[in-house]
Amino acid sequence: MNRALRIGLFCAFVLTGAAFVLLGIFSGQAQAVLSKAIRVCLECIGIG
Amino acid sequence: MAEVKKVKGEWKRLTVQAAMFLLQNPKLHNFFLGTIDTGKTKIVCAPGLNCYSCPAAIGACPIGSLQNALSKQKPSFPFYVLGFLLLFGALFGRWICGFVCPFGLVQDLVHKIPFPKKLRTFKGERVLRWTKYAVLLVLVIGLTLFDTLVPYFCKYLCPSGTLFGAIPLSVTVPQLRSQIGFLFWWKIGVLVLLLLISLPISRPFCRWLCPLGAIYGLFNRFALLGMTCDAQSCVGCGACETVCPMGIDPRTQVDSTECIRCGRCIRACPTGSLARRFGFAPQAHKKSTM
């Protein structure tokens, strides 16, 4: 993979990732992650 | 079936791994209290496979959060979690596996236990490498979308959740302990099996089953943190291949989706042909101590 392509892909994914995080915050997905993470996940611990 | 040989300086990476574990899981007192952290920091996804039901965790598991987003009755495109995965992947690639993931640390520690025969790889292992993509596509995404409300990977497979969440909480919380059934023992069995396999083979979960490693590996070729191999100075001794915990040949697979950027090959190389890459400029090759 040549250097220009590496840089291009890196920048594209970083910008897209940042945009997705911001979009997720404004659409309430961040709160959904928090709501799940602060409760014991019964499936994760083999109970639910 | 060549054995994995020891490399000097491994303690430095273990120190970083331990520090990363404590950074992501600082609330150690919760192990005794039988509670999990409910702080605002859990709005942020941790980079490694760090269960959010681990009492000490202060971040959210990215795979668990992804499954949660997909397992709703009206699943939405998981922008937030995917954004974190893209950022972590583009910046670090599988360096996260080598230095940050808590279950990677556990496997590394178990592999250090003396065992009669240590294996680098075995016949047919290449096929098993593809299983982690099936885990990602089927368990994490497919079945979770198809059968809503059930996070299949977390529920039936994730050993990190079992080790850091299920076991400590079942010990300290009687109400949870009273509800232990087949599923709990199934997960314990999966965990024990993986730890037993970690004795002769390095990082079996990372090689064959980890969906997060499957994702990050796709970024290895163009992540900000990477590795380079100088073919001109390489003398073909194969020392790098012998010490690789993922059973790959760094000379020809330096940007492989399997490389966890642990740096053992760099320390083993007698000519300094291998080096870490930070950024995208051509790197001068010199011996690394990490």
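(A) A nonpolar patch on the surface, seen in detail. Residue and element names in this part refer to chain A. On the surface, a cluster of nonpolar side chains totalling about 360 Å² of accessible area is made up of Leu-22, Ile-25 and Phe-26. Assignment of secondary structure puts Leu-22 in helix H1 (residues 3–26). Accessibility expressed as a relative area gives 47% for Leu-22, which makes it partly exposed.

(B) The arrangement of the confidence of the model for chain B in detail. For chain B, per-residue confidence averages 92 on the pLDDT scale, and 94% of positions sit at 70 or higher. As a predicted assembly, this complex carries a pTM of 0.93 together with an ipTM value of 0.96.

(C) Up close: the interface of chain B and chain A. On the chain A side, the residues contacting the 49 residues of chain B number 35 residues. When the two sides are added together, the surface that chain B and chain A hide from each other amounts to roughly 3,600 Å², 75% of it contributed by carbon and sulfur. Asp255(B) is paired through a salt bridge with Arg6(A); the nearest N and O atoms lie 3.2 Å apart. Counting the contacts that link chain B with chain A gives 10 residue pairs in polar contact (both at pLDDT 80 or more). Residue assignment for the side of chain B that touches chain A shows that the elements contributing at least two residues are helix H3 (62–70), helix H4 (79–92), helix H9 (152–156), helix H10 (159–172) and helix H12 (182–197) of chain B. It is H4(B) that contributes the most residues to the side of chain B that touches chain A, 10 residues altogether. Class assignment for the residues of the side of chain B that touches chain A results in 30 nonpolar, 11 polar and 8 charged.

(D) Inspection of the nonpolar core at higher detail. All names here are of chain B. Leu-49, Ile-63, Phe-153 and Phe-205 are the most contacted members of the largest nonpolar core, which totals 70 residues. The biggest single contributor to this core is H4, with 8 residues. Setting aside residues up to four positions removed in sequence, Leu-49 forms contacts with Cys-61, Ile-63, Cys-101, Pro-102, Phe-153, Cys-158, Ser-160, Phe-205 and Leu-212. Within the second largest apolar cluster, 15 residues are counted, among which are Cys-240, Val-254, Ile-260 and Cys-269.

(E) Main features of the packing of H1(A) against H4(B). The interhelical angle for the contact between H1(A) and H4(B), taken along N-to-C directions, is 155°, at an axis separation of 7 Å. Looking at the two axes, H1(A) sits roughly antiparallel to H4(B). Where H1(A) crosses over H4(B), the two elements pack in a sense that is left-handed. Counting all contacts with H1(A), which are made through Phe10(A), Phe13(A), Val14(A), Thr16(A), Gly17(A), Ala18(A), Phe20(A), Val21(A), Leu23(A), Gly24(A) and Ile25(A), the residues of H4(B) involved are Phe79(B), Tyr80(B), Leu82(B), Gly83(B), Phe84(B), Leu86(B), Leu87(B), Ala90(B) and Leu91(B). Classifying every residue of the contact of H1(A) with H4(B) by side-chain character gives 16 nonpolar, 4 polar and no charged.

(F) Molecular detail of the domain arrangement of chain B. All names here are of chain B. In terms of domain boundaries, chain B breaks down into domain 1 (10–217) and domain 2 (226–278). The gap between the C-alpha centroids of domain 1 and domain 2 is 26 Å. Facing 16 residues of domain 1, the contacting portion of domain 2 comprises 16 residues. Summing both sides of the interface, domain 1 and domain 2 together bury roughly 1,400 Å²; the carbon and sulfur share of this comes to 44%. One can count 5 salt bridges joining domain 1 with domain 2. In this structure, Lys-132 engages Glu-258 in a salt bridge whose closest nitrogen and oxygen atoms are separated by 2.8 Å. Viewed at the interface, domain 2 and domain 1 are joined by 10 residue pairs in polar contact (both at pLDDT 80 or more).

(G) Local environment of the pairing of strand E1 (residues 225–229) of chain B. Residue and element names in this part refer to chain B. Most of E1 is tucked away: 4 of the 5 residues are buried. As defined by bridge partners, E1 adjoins strand E2 (residues 274–278) across 5 bridges and the pair is classed as antiparallel. Its bridge partner lying in E2, Cys-229 is registered against Leu-274.

(H) Seen up close, the packing of H3(B) against helix H8 (residues 131–146) of chain B. All names here are of chain B. Here H3 crosses H8 at 20°, and the two axes come no closer than 9 Å. As judged from the angle between their axes, H3 and H8 are roughly parallel. Read as a crossing pair, H3 and H8 show a hand that is right-handed. In contact with Ile-63, Leu-66, Gln-67 and Leu-70 of H3, H8 contributes Leu-139, Val-140, Ile-141, Thr-144 and Leu-145. Partitioning the contact of H3 with H8 into residue classes produces 7 nonpolar, 2 polar and no charged.

Calculation rules
- Residues numbered from 1 in each chain as written.
- Chains lettered and ligands numbered in written order.
- Predicted model: local features only at pLDDT ≥ 70, side-chain atom pairs only at ≥ 80, totals over all residues.
- Heavy atoms only, no water.
- Patch = residues over 30% accessible without salt bridge, like charges linked within 9 Å, V, L, I, M, F, W, Y side chains within 5 Å.
- Areas by Shrake-Rupley, 256 points an atom, 1.4 Å probe, with all protein chains shown as cover.
- Salt bridge = Lys/Arg side-chain N within 4 Å of Asp/Glu carboxyl O.
- Helix = DSSP H or I, 4+ residues; strand = E, 2+ residues; numbered from the N terminus.
- Buried < 20%, exposed > 50% of the residue type's maximum accessible area, 1.4 Å probe, protein only.
- pLDDT = per-residue confidence, 0-100.
- Contact = heavy atoms within 4.5 Å.
- Buried area = accessible area lost by both parts, 1.4 Å probe.
- Polar contact = N/O pair within 3.5 Å; in protein donor to acceptor, adjacent residues only side chain to side chain.
- Nonpolar A, V, L, I, M, F, W, Y, C, P; charged D, E, K, R; others polar.
- Core = buried A, V, L, I, M, F, W, Y, C linked by side-chain atoms within 4.5 Å.
- Axes fitted to C-alpha atoms, helices over the stretch in contact; angles between N-to-C directions.
- Parallel < 35°, antiparallel > 145°, perpendicular 65-115°, else oblique.
- Left-handed = near helix turned anticlockwise from the far one by under 90°.
- Domains from an automatic or database assignment.
- Pairing = 2+ DSSP bridges.

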